[in-house]
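Residue-level structure breakdown
The lines below spell out each chain.
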Protein chains: 2
Amino acid sequence: MSAPAVTLNDVQAAAKRLSGVAISTPLLNNQELDRRAGAQVFYKPESLQHIGAFKFRGAYNRLVQLSVAERARGVVAFSSGNHAQGIAYAAKLLGIRASIVMPADAPKIKLAGTRALGAEVRLYDRHKESREQIAADIAAERGSILVPAFDDPDIIAGQGSCGLELLEQLQARELRADRVLCPVGGGGLLAGVTVACKGIDPAIKVSAVEPEHFDDHRLSREAGKRVKIDGTATTLCDSLMATSPGELTWAINGELVDDFITVSEVEVEHAISFAFRYLKLVVEPGGAVPLAALLQEKLDFRGQTIALIISGGNIDQETLQRCLEKFPSP
Amino acid sequence: MSAPAVTLNDVQAAAKRLSGVAISTPLLNNQELDRRAGAQVFYKPESLQHIGAFKFRGAYNRLVQLSVAERARGVVAFSSGNHAQGIAYAAKLLGIRASIVMPADAPKIKLAGTRALGAEVRLYDRHKESREQIAADIAAERGSILVPAFDDPDIIAGQGSCGLELLEQLQARELRADRVLCPVGGGGLLAGVTVACKGIDPAIKVSAVEPEHFDDHRLSREAGKRVKIDGTATTLCDSLMATSPGELTWAINGELVDDFITVSEVEVEHAISFAFRYLKLVVEPGGAVPLAALLQEKLDFRGQTIALIISGGNIDQETLQRCLEKFPSP
């Protein structure tokens, strides 16, 4: 194996850059969750991060390292929403012009959020246009830097600061995690968190969770190489719709992640309703997959100390309402 | 003025008893909230506390001080919901039998929550029966201790631990609050928080917020004495429906609180929707009144450091849906 793209040192350096800039999201626990899981469970709601998702961490860690000349030429990104908002807010803080290519059917709350942060939004049709091409055209025209959503060492290191924080918060309680549950889309958060966890304490197991119809990570583990799925299936988890693991992220995740777990759409809906009812948190579908895996006992969690990352809270009210109506009681 | 019922020492002692038992809820901030208020705003979501509201703090601080003999005879309380759940959970942790007298029309989530915590629930008709009488009968029959919802020094001191924590969290950021905004129903949380704030830093202003049709505190301040309103009005804020200030709480609040502010029902609905959209928090109506006061600029908050307590998150899904439909956009 060649030298990893991201090391624990990189994650620690990112955490320093983000100190006082990112929100240090809390590590919480809930007796009903403990009771159901038969475990000691802690959850870290990155839904309470700037822009309602962890994506700000990686975006800021990338943009703050641009040179003055690079900053002047602006940045461009494509994203269904959370990366868009992360880039938009980091760019705003740093005085950088940001152009974001977003699918026209992205959740309204993410479109509105990106625009409200001052970014220029270019909509595209997911079925007819290539977001890569549109972004490349903008980048070529202005000399802007294209900032990828996950397959970038600085993005991965920035997301990893979330995992580092989680471990520090457990240490402050004189605890350690037996297992950390993390959502996976393209794998940026997962790779950063995995580097942090395995770097600090190699005995911590890391389990990745993805929606059952976007199980490219599970299939890649089975195949022993990166697999691309066709991606025509629908899922509530708009933030986890990448169709294959990233190259850099897979070099880490394929090697170091202990398990790849899938959850069904209805299991995600149940978890969102549970989060409303017991955790009092607004959680988006992609952010709810680790909670769903825990509540559905996808692994034997009993008697363990489990930490999970609730990665975002940008859910449309219609989707939330549907989940609450489907699961009106515990 | 006679010696106050609760001192800073009492609040500090309560905080010690609650250490490691209550959840140390985070102190959060949000750029959209800062932008709208034109202020540096911090909010403490007690919705993330055990049972989804601050009430656990006072309940535990009261019950943990019962003697072995008192514990054996059980406790009884009456409450529309959050005090009920606070007592139920504190009693469960301490192995005490709890009977709770609740209105039959209390939010379903609060009724279900109280029962799930193992308490015996006795429903009553708010228009025909006296909850005081029912509770007194149960207490007489069993020798149980009746635990009041707010007018009790240990309850007040316990709730005050929330204010103490808030100030410590600000100090950790090398900040101090110019003003603290706190909901007021019977006045237990307000009195505890006020004792903490004025005890630590007398220059901190404390503003109490109540629903416009349950403005018994505002009227009491105007009249210079405790006023009782008729309480037949309806309000979304089921947790703030006390019809007059408590005796002990008013001795503190009437003397020390700087302002009494009211907010309308529609302002509360807007604040709940704002909390969903930007803060990603599930907030109940009574818990949203300080946020409503801030968003509606009820005082001149501009340029100040404002801390507000979001006191609970126990809202029925129908009520949340109504708020989101009424305020679908920012």
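Preceding block: the structure.
Description of the structure in this document. Nothing here was measured: the structure is a model prediction, and the numbers come from that model.

On to the relation of the copies chain A and chain B. Between chain A and chain B, which share one sequence, the superposing operator has a rotation angle of 180° and an axial displacement of 0.0 Å; the RMSD is 0.0 Å. The relationship between the two copies is best expressed as a two-fold rotation axis. Taking C-alpha positions as reference, the residue of chain A nearest the rotation axis is Leu281 of chain A, located at 2.5 Å. In this assembly, 100% of the residues forming the interface of chain A have copies in chain B that are likewise at the interface, indicating an isologous arrangement.

Time to look at helix 12 (residues 265–279) of chain A. Residue and element names in this part refer to chain A. For helix 12, which comprises 15 residues, the first-to-last C-alpha distance of 20 Å matches the rise-based estimate of 21 Å (1.5 Å per residue) to within 8%. For helix 12, a buried count of 13 out of 15 residues is recorded, marking the element as mostly surrounded by other parts of the structure. Among the residues trailing helix 12, Lys280 stands out with phi positive, at a value near 60°.

This paragraph deals with the interface of chain A and chain B. Often, the extent of an interface is quoted as the loss of accessible area upon association of its parts. Taken together, the contact between chain A and chain B spans 28 residues of the former and 28 residues of the latter. Counting the surface lost from both chain A and chain B, the interface buries some 2500 Å², and carbon and sulfur atoms represent 62% of this. Interface area lost by chain A to chain B is led by Phe276, Lys280 and Gln317 of chain A, which between them contribute 27%. At the surface where chain A touches chain B, the tally comes to zero salt bridges. At the boundary of chain A with chain B, the tally comes to nine residue pairs in polar contact (both at pLDDT 80 or more). Those elements that provide at least two residues to the side of chain A that touches chain B are helix 5 (82–94), helix 12 and helix 14 (317–326) of chain A. Top contributing element to the side of chain A that touches chain B by residue count: helix 14 of chain A, with five residues. Here the residues of the side of chain A that touches chain B sort into 15 nonpolar, eight polar and five charged.

All told, the structure shown has 43 salt bridges over all chains when counted by the stated rule. One salt bridge connects Glu32 of chain A with Arg36 of chain A, and the closest N-O pair in it is separated by 2.8 Å. Taken as a pair, Glu32 of chain A and Arg36 of chain A lie in helix 2 (residues 31–37) at a separation of four residues, close to a single helical turn. With a closest N to O distance of 3.1 Å, Arg142 of chain B and Glu120 of chain B form a salt bridge. Linking Arg142 of chain B in helix 7 (residues 131–142) with Glu120 of chain B in strand 4 (residues 120–124), this pair joins segments that are 22 residues apart in sequence.

Here we come to the packing of aromatic side chains. All names here are of chain A. On inspection of all chains with the given rule, the structure shows eight aromatic pairs over all chains. Centroid distance Phe56 to Tyr60: 5.6 Å. Interplanar angle 35°. Geometry classified as tilted. Within this pair, Phe56 and its partner Tyr60 are both found in helix 3 (residues 55–63), separated by four residues, close to a single helical turn. Measuring from ring centre to ring centre gives 4.9 Å for Phe274 and Tyr278, while their planes differ by 40°; the resulting arrangement is tilted. In this pair, Phe274 and Tyr278 both sit in helix 12, four residues apart, roughly one turn of the helix. Phe274 sits in the buried class, given a relative accessible area of 2%. Residue Tyr278 is classed as partly exposed on the basis of its relative accessible area, which comes to 24%. Connected via pairs of aromatic rings, a cluster forms that spans Phe56, Tyr60 and Tyr89.

Attention shifts here to the sheet that holds strand 7 (residues 205–211) of chain A. Residue and element names in this part refer to chain A. The strand order across the open sheet formed by five strands is 1-9-6-7-8, and the pairing between neighbours is parallel. Single-partner strands in this sheet number two, and they are strand 1 (40–45) and strand 8 (259–263). The sheet shows a mean angle of 25° between the axes of neighbouring strands, taken without regard to direction. In the sheet, strand 6 (residues 179–183) pairs with strand 9 (residues 305–310) via three bridges, with the strands oriented parallel.

The grouping of Glu318 and Glu325 of chain A together with Glu318 and Glu325 of chain B at the surface amounts to a negative patch. If you list the elements that add at least two residues to the negative patch, you get helix 14 of chain A together with helix 14 (317–326) of chain B. Mapped onto the elements, Glu318 of chain A comes out in helix 14. What makes Glu318 of chain A partly exposed here is its relative accessible area of 40%.

Rules used in this analysis
- Within each chain, residue numbers correspond to sequence positions counted from 1 in written order.
- As a convention, the first chain written is A and the first ligand written is 1, with the rest following in written order.
- Only residues with pLDDT of 70 or above have their local features reported here, since the model is predicted, and side-chain atom pairs are shown and tallied only from 80 upward, although totals for entire chains, interfaces and linings are computed over all residues.
- By convention in this description, side-chain values take in all heavy atoms of the structure and omit both hydrogens and water.
- Copy-to-copy superposition: least squares on the C-alpha atoms, limited to residues that have pLDDT of at least 70 in both copies.
- Should any heavy atoms of two residues lie within 4.5 Å, those residues are counted as being in contact.
- Put simply, DSSP marks the helices as runs of H or I at least four residues long and the strands as runs of E at least two long, and each gets a number from the N terminus on.
- Helix span is expected to be 1.5 Å times the residue number reduced by one.
- For each residue, the accessible area found with a 1.4 Å probe, counting protein chains only, is set against the maximum for its type, and the residue is called buried under 20%, exposed over 50%, and partly exposed in between.
- Using a 1.4 Å probe, buried area is obtained as the accessible area two parts lose upon being combined, added over both of them.
- Here, a salt bridge means any side-chain nitrogen of Lys or Arg that lies within 4 Å of a carboxyl oxygen of Asp or Glu.
- Here a polar contact is taken to be a pair of N or O atoms separated by no more than 3.5 Å, where protein atoms must pair a possible hydrogen donor with a possible acceptor and residues adjacent in sequence count only if both atoms sit in side chains.
- Residues were grouped as follows: Ala, Val, Leu, Ile, Met, Phe, Trp, Tyr, Cys and Pro as nonpolar; Asp, Glu, Lys and Arg as charged; and all remaining residues, including Gly, as polar.
- Ring geometry is summarised as follows: Phe, Tyr and Trp rings, the Trp one being its six-membered ring, pair when their centres sit within 6.5 Å, and such pairs are stacked at plane angles under 30 degrees, edge-to-face over 60 and tilted between the two.
- Strands qualify as paired when DSSP identifies two bridges or more between them.
- An axis is simply a line fitted to the C-alpha atoms; with a helix, the fit covers only the stretch in contact. Between two such axes, the angle follows the N-to-C directions and lies from 0 to 180 degrees.
- The residues that make up patches have over 30% relative accessible area and no salt bridge, and they are joined within 9 Å when like-charged or within 5 Å when they are Val, Leu, Ile, Met, Phe, Trp or Tyr.
- Where accessible areas are quoted, they stem from the Shrake-Rupley method and a 1.4 Å probe; at the residue level, only the protein chains shown are allowed to cover.
- Asp and Glu are treated as the negative residues and Lys and Arg as the positive ones, with His and the ends of the chain left uncounted.
- Think of each charge as sitting on NZ of Lys, CZ of Arg, CG of Asp or CD of Glu.

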